[in-house]
Amino acid sequence: MKSSSLLGHAFRMAFLCAIVGMFSGLANANNIRIIGKPILKEQDTVKHTVLIKFDIAWDNSWKTSKPENHDAAWIFVKCWDGESWNHVYLEKDDVVAGSTAAADAVNKGTAYYVSNRDGSETKQKMVLEPGYSYAWKKWHLDPAEDSVQCIVGFFLYRKEFGAGHVVVPGITLKWNYGEQGFVDEDDLVVKVFAVEMVYVPKGSYYLGGKGTAGYQNNSFTTNGATFGSPMVIDSEDAIEIKNDESASTLWAVGNAITTGTLSENFPKGYKAFYIMKYEMTQEAYVEFLNTMNQGQQDGRIQASLNSLGVNSYAWGGDVSAYRYGIKVMQAAPVVIFGCDGNFNNKYNETDQVCYDGGTDTAGNCLGRTLTRNVDGQDLAMVFVSWMDLLAYAEFSGLRPFTELEYEKACRGPREPVNDEYAWGSVTMTFWLTKTTNNSWYNMVDIRLGTERAGDSRNAGAYITNSWWNVSTAAGPVRVGCFADSTTTRAASGATFWGVMNMSDNPAEMCVSVYDGNGRVFKGEHGCGQLDGNGDAINKNWLEMTKSPYAYINRGMFFTNGVYDVNSKYTINFVCGMVSNRYRFNHGRPVTERDYTSYGMRGIRCARTEGAQQ
């Protein structure tokens, strides 16, 4: 196979080339990052294995017992064989970030440093938990061969309770490249990805809301069409959907679901799962696009790839007003995308600022120096389709989540609060970014990795023109922009478990229980591979692409139109209450991308719960 040095960032080591990939580099969120370059070592030309070693760090990590909850990094690897990018399937033996016990792989002696909130630094044990999917390891041979269970990635998280920044050196993952059809002489490029996740534990929860029915369209109920009777989900058993007075059946006000059954295979949120802490960023989507061949890229953008020259927007036309900054750095036949959120035709720009600790009289930083994104890399991704979400989930070894899991991830085990948002209260302080005189309003560090509200705001979207009449454009804000290490749950806009932006920013596309089109979903995870058009290949997921009613929008939804800042429910703007099933897609094609802001977020079942792998 051909040798490659993608983007000029590759470096040669033994028979491999390696580059670092960062899939969620949020400079002022939790700043997950692969530090330096991965080291590839101990190639075994008999067993055809090699070790991939790297360091990882992120900020504001935690693990608590009450409630049982922690954050995690989902780590996966891709390789370039000179013709295409392929998923790397890993081994559970000899993972040096832990023991050989796959479900509890802990530190074997390497120092894992944790900076605690009180400023002290301690050594902590970490867990490496493998994530399995069924896949064809030799993808470039016969795709009809039987799939096998493979490790598509690992979760990394704290073994002990605590909170603070983590730096984890020397993670070493084993790859049997021979099992994937490669030989010792091949030149391969390896790229490591990391995504921040939040663990939602097993347990019962309430499905459906209370309060004002007009604010919570189509909310779930157990009492026919009567709003305000939430259902307790206390197992993954099948659920009957029937519009009657029985508390054992599920319905929704406004006849917003059809009769039938949710099978035991449909994920209901009772079992434990991991969910992405943030919506997918524009930087992450660029990394996604740049790890595809041209035919696959063409399927994942709005415009025709061959029509795009250098500095063209991947959407096609100029969409800068919508805070969309993904543009072409290098045109066909080898297309490379980049972020240009400040629209100066320079890509993926960064600067350095003193992050904490202040400066001395000479201006020297007394705390940490933060490399900050300045090209809108941290803005939530927008203008995506349902097919885009499925493709990303397949690519990363994750899966879409159901609208039941959405409510569990927001509300936790608590009883619904009347008219609640994801942060558990009825108070929403919306962030508007321009006033009637066209000046910036309540915005600091616009388009930078430290973009945030200038006062106490906990929800937002970017709006141009006048604050009451959105006649030009609306777009996303930086993911996690309302949170820092001191904010409360309500002030940061976080869910019960610590998931961000579930009631604001782009809409959350979820698998719907409206009718049989979504109910076929079995919760299978992505295998890491896409077809030649850049689409997911999971057969169960593809059943859901036949109808726009297979998915529904939850959380924040914004588009052009009128927004009443004093109203919770509006025609074109909804700051999504947890139980608000705002609208079905009314025939919107599953492949369509429009100027409404749909975002992307993935999920994965926790292996310890025996979920389908």
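Fair warning: this is a prediction, and the values are worked out from it, not measured in the lab.

A few words on the overall build of the protein. Counting its regular elements, the protein contains seven helices and 35 strands. When contacts within the protein are restricted to residue pairs at least 6 apart in sequence, those whose partners lie at least 24 apart make up 71%. Entry remark: accessible area of the protein is about 21,300 Å², with carbon and sulfur atoms responsible for 48%.

A few words now on helix α4 (residues 403-411). In an α-helix, one full turn covers 3.6 residues, which means residues spaced three or four apart are oriented alike. Burial of α4 is extensive: nine of the nine residues sit out of reach of the surface. Listed in full, the buried residues belonging to α4 are Glu-403, Leu-404, Glu-405, Tyr-406, Glu-407, Lys-408, Ala-409, Cys-410 and Arg-411. Trailing α4 by a residue or two, Gly-412 shows a phi angle of about 70°, which is positive.

Going from Lys-66 to Pro-67, the amide bond is cis rather than trans, its omega being 0°. Position of Pro-67 among the secondary structure elements: in the loop between β4 (49-65) and β5 (68-80). The amide bond that connects Ala-332 to the next residue, Pro-333, takes the cis arrangement and shows omega of 15°. Here Pro-333 is to be found in the loop between β21 (326-330) and β22 (336-339). Positive phi values are uncommon outside glycine, yet Asn-218 reaches one of about 60°. Mapping Asn-218 onto the fold places it in the loop between β14 (205-207) and β15 (220-221).

Moving on, we get to the sheet that holds strand β17 (residues 239-241). Spatially, the four strands line up as an open sheet ordered β15-β18-β17-β19, and their pairing is mixed. The sheet terminates laterally at β15 and β19 (260-262), the two strands that pair on one side only. Alignment of β17 against strand β18 (residues 249-252), held across two bridges, turns out to be parallel. Its bridge partner lying in β18, Ile-241 is registered against Leu-250.

Formed by 84 residues in total, the largest nonpolar core has its most connected members in Leu-250, Tyr-285, Phe-288, Tyr-324, Ile-326, Phe-337 and Trp-386. Those residues within four positions of Trp-386 in sequence are excluded, and the remaining contacts are Pro-400, Met-509, Cys-510, Val-511, Met-544, Tyr-551 and Val-590. Judged by nonpolar contacts, the second largest core, of 31 residues, contains Val-77, Val-88, Met-126 and Leu-173.

Relative to the assigned elements, Ala-422 resides in the loop between α4 and β25 (430-431). Given the relative accessible area of 1%, Ala-422 is considered buried. Distance in space between the C-alpha atoms of Ala-422 and Ala-494 is 6.6 Å, their sequence separation being 72 residues.

Take the pairing of β21 next. Strand direction decides the pairing type here: β21 and β22, joined by four bridges, are antiparallel. Bridge assignment links Gln-330 to a residue of β22, and that residue is Ile-336.

Okay, the packing of aromatic side chains next. Evaluation of the coordinates by the stated rule reveals 21 aromatic pairs. An angle of 45° between the planes, with centres 4.7 Å apart, marks the rings of Trp-74 and Phe-155 as tilted. Separated by 81 residues along the polypeptide, Trp-74 in strand β5 and Phe-155 in strand β11 (residues 148-158) bring together distant segments of the chain. The burial state of Trp-74 is the same as that of Phe-155; both residues are buried. Both rings, one in Phe-496 and one in Trp-497, keep their centres 4.7 Å apart while their planes meet at 85°; by these two values the pair is edge-to-face. Each of the two residues, Phe-496 as well as Trp-497, counts as buried. Members of the aromatic cluster, joined through ring pairs, are Phe-76, Phe-193, Tyr-285, Phe-288, Tyr-392 and Phe-395. A cation over a ring is seen here: Lys-78 above Phe-395, with NZ or CZ 4.0 Å from the ring centre.

On to the environment of Ile-39, then. For Ile-39, the location among the structural elements is in strand β3 (residues 33-44). Accessibility expressed as a relative area gives 40% for Ile-39, which makes it partly exposed. For the pair formed by Ile-39 and Gly-170, sequence separation is 131 residues and the distance between their alpha carbons is 9.4 Å.

Looking now at helix α3 (residues 386-396). Along α3, eleven of the eleven residues are buried, which leaves the element largely enclosed by surrounding structure. Within the sequence span of α3, burial applies to Trp-386, Met-387, Asp-388, Leu-389, Leu-390, Ala-391, Tyr-392, Ala-393, Glu-394, Phe-395 and Ser-396. You can read the cap of α3 off the contacts: a side-chain oxygen lies 3.3 Å from the backbone nitrogen of Met-387, and it is on Ser-385. Positive phi shows up at Gly-397, right after α3, with a value of about 80°.

Our focus in this paragraph is the confidence of the model for the protein. With 79% of its residues at a pLDDT of 70 or more, the protein shows a mean pLDDT of 80. Note on residues 1-28: pLDDT under 50 across the span, and 110 contacts to partners over four residues away in sequence or across chains. Scored below 50 in pLDDT, residues 465-471 makes 21 contacts in the model with residues more than four places away or belonging to other chains.

Right, let's talk about the pattern of salt bridges for a bit. Throughout the structure, instances matching the rule amount to 21 salt bridges. One salt bridge in this structure joins Lys-327 and Asp-340, with 2.8 Å as the shortest N-O distance. Of this pair, Lys-327 sits in strand β21 while Asp-340 is found in the loop between β22 and β23 (350-354), placing the two residues 13 residues apart along the sequence. Here Asp-340 falls in the buried class, since its relative accessible area comes to 0%. Its salt-bridge partner being Glu-407, residue Arg-554 comes within 2.7 Å of it at the nearest N-O pair. Separated by 147 residues along the polypeptide, Arg-554 in strand β31 (residues 551-554) and Glu-407 in helix α4 bring together distant segments of the chain. Here Arg-554 and Glu-407 have matching classes, each one buried. Because the salt bridges share partners, they merge into one network encompassing Glu-403, Glu-407, Arg-411, Glu-420, Arg-554 and Arg-581.

Turning our attention to the pairing of β11. Burial analysis of β11 places nine of its eleven residues in the buried class, which makes it a mostly covered element. Relative to β11, β5 runs antiparallel, the two sharing three bridges. Counted as the bridge partner of Trp-74 is Phe-155 from β11. With ten bridges joining them, strand β10 (residues 126-135) and β11 adopt antiparallel strand pairing. The residue of β11 that forms the bridge with Val-127 is Tyr-157.

Procedures and definitions
- Residues numbered from 1 in each chain as written.
- Predicted model: local features only at pLDDT ≥ 70, side-chain atom pairs only at ≥ 80, totals over all residues.
- Heavy atoms only, no water.
- Helix = DSSP H or I, 4+ residues; strand = E, 2+ residues; numbered from the N terminus.
- Contact = heavy atoms within 4.5 Å.
- Areas by Shrake-Rupley, 256 points an atom, 1.4 Å probe, with all protein chains shown as cover.
- Buried < 20%, exposed > 50% of the residue type's maximum accessible area, 1.4 Å probe, protein only.
- Pairing = 2+ DSSP bridges.
- Core = buried A, V, L, I, M, F, W, Y, C linked by side-chain atoms within 4.5 Å.
- Phe/Tyr/Trp six-rings, centres within 6.5 Å; stacked < 30°, edge-to-face > 60°.
- Lys NZ or Arg CZ within 6 Å of the ring centre and 35° of its normal.
- Polar contact = N/O pair within 3.5 Å; in protein donor to acceptor, adjacent residues only side chain to side chain.
- pLDDT = per-residue confidence, 0-100.
- Salt bridge = Lys/Arg side-chain N within 4 Å of Asp/Glu carboxyl O.

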